[in-house]
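Examining the three-dimensional arrangement
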Amino acid sequence: PYRDDDNDLSIQLAEPKLKKPPLFKVILLNDDFTPMDFVIEILMQFFAMPKEKATQVMLQVHTQGVGVCGTYSKDVAETKVYIVNEYSRQHQHPLLCSMEEL
Ligand code: TYC
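Starting from 1, residues in each chain are numbered consecutively following that chain's sequence as written. For a predicted model such as this one, the threshold for reporting local features is a pLDDT of at least 70, and the threshold for listing and counting side-chain atom pairs is 80 or more; totals across whole chains, interfaces and linings nevertheless cover every residue.

An unreviewed UniProt entry annotates the chain as ATP-dependent Clp protease adapter protein ClpS originating from Crenothrix polyspora. UniProt positions are given in the numbering used here, feature names are shortened, and annotations may be inferred rather than shown by experiment. According to the UniProt record, the Subunit (unreviewed entry) comment for the chain is "Binds to the N-terminal domain of the chaperone ClpA." The UniProt entry for the chain carries the following comment under Sequence similarities (unreviewed entry): "Belongs to the ClpS family."

Looking now at unusual backbone geometry. Of note in the backbone geometry, Ala48 takes a positive phi value of approximately 55 degrees without being a glycine. Position of Ala48 relative to the elements: it lies in the loop between helix H2 (36-47) and helix H3 (51-64). Positive phi outside glycine occurs at Gln92, with the angle close to 60 degrees. If you trace the backbone, Gln92 turns up in the loop between helix H4 (74-90) and strand S3 (96-101). By definition, any uninterrupted DSSP run of H or I lasting at least four residues is a helix, any uninterrupted run of E lasting at least two residues is a strand, and each is numbered from the N terminus.

Among the 13 residues in the neighbourhood of the ligand, the closest are listed as Leu28, Thr34, Val39, Val61 and His62. Here the element with the most residues in the shell around the ligand is H3; it accounts for three residues. In the shell around the ligand, the residues fall into eight nonpolar, three polar and two charged. Placing the C-beta atom from the backbone, one calls a residue near a molecule or strand if that atom lies within 6 Å of it. When residues are grouped by polarity, Ala, Val, Leu, Ile, Met, Phe, Trp, Tyr, Cys and Pro land in nonpolar, Asp, Glu, Lys and Arg in charged, and all others, Gly among them, in polar.

Turning our eyes to something else, we now look at the packing of H2 against H3. To characterise two packed helices, one gives the angle between the axes of the helices and the distance between these axes. Angles shown run from 0 to 180 degrees and are taken between the N-to-C directions of axes, each axis being a line fitted to C-alpha atoms and, for helices, limited to the stretch in contact. At a closest axis distance of 9 Å, the pairing of H2 and H3 adopts a crossing angle of 125 degrees. In terms of their interaxial angle, H2 and H3 are classed as oblique. Classified by chirality, the crossing of H3 by H2 is right-handed. Within the contact between the two elements, H2 uses Met36, Val39, Ile40, Leu43 and Met44 and H3 uses Lys51, Ala54, Thr55, Val57, Met58 and His62. A per-class count over the contact of H2 with H3 returns eight nonpolar, two polar and one charged. Working definition: roughly parallel below 35 degrees, roughly antiparallel above 145 degrees, roughly perpendicular at 65 to 115 degrees, and oblique for all remaining angles. For a crossing to be left-handed, the near helix must be turned anticlockwise from the far one by less than a right angle; the clockwise case is right-handed. Contact criterion: two residues are in contact if their C-beta atoms, reconstructed from the backbone, are within 7 Å.

Our next topic: the nonpolar core. Ranked by internal contacts, the top residues of the largest apolar core, which has 16 residues, are Val39, Leu43, Val57 and Met58. Of all the elements in the fold, those that place two or more residues in this core are strand S1 (24-29), H2, H3 and H4. For Leu43, the residues in contact, after removing those within four places along its chain, are Met49, Ala54, Val57, Met58 and Cys69. In plain words, the nonpolar core is the set of buried Ala, Val, Leu, Ile, Met, Phe, Trp, Tyr and Cys residues that C-beta atoms within 7 Å link up. Any residue surrounded by 20 or more other C-beta atoms within 10 Å of its C-beta is treated as buried, while 12 or fewer makes it exposed and the intermediate range makes it partly exposed; C-beta atoms here are placed from the backbone.

Following this line, the structure appears as structure tokens:
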């Protein structure tokens, strides 16, 4: 006998089974030692910001203590955090990058 449970779009539309994946903010934390230019370079290189935007975000972190670099899926956010922290460590700066769920 014909069963259309898995194919009938109306079933999914009435009660969607797929939830939107959570989003994560990637954030930068302020510190007293990392040079401002180094932070700007990171925002341009790893977050594709133009220099003006990167400067704004750097100053936001410098004055407010924290700033948002961007919003991503969990996997992408984790990778951004990892590469920023690794790059900073390799350059012997204490800059810290972290993430939080929206
Ligand atoms: N506060 C640092 C300084 O005065 C600059 C800085 C900005 C450091 C942003 C970290 O995430 C940061 N050189």
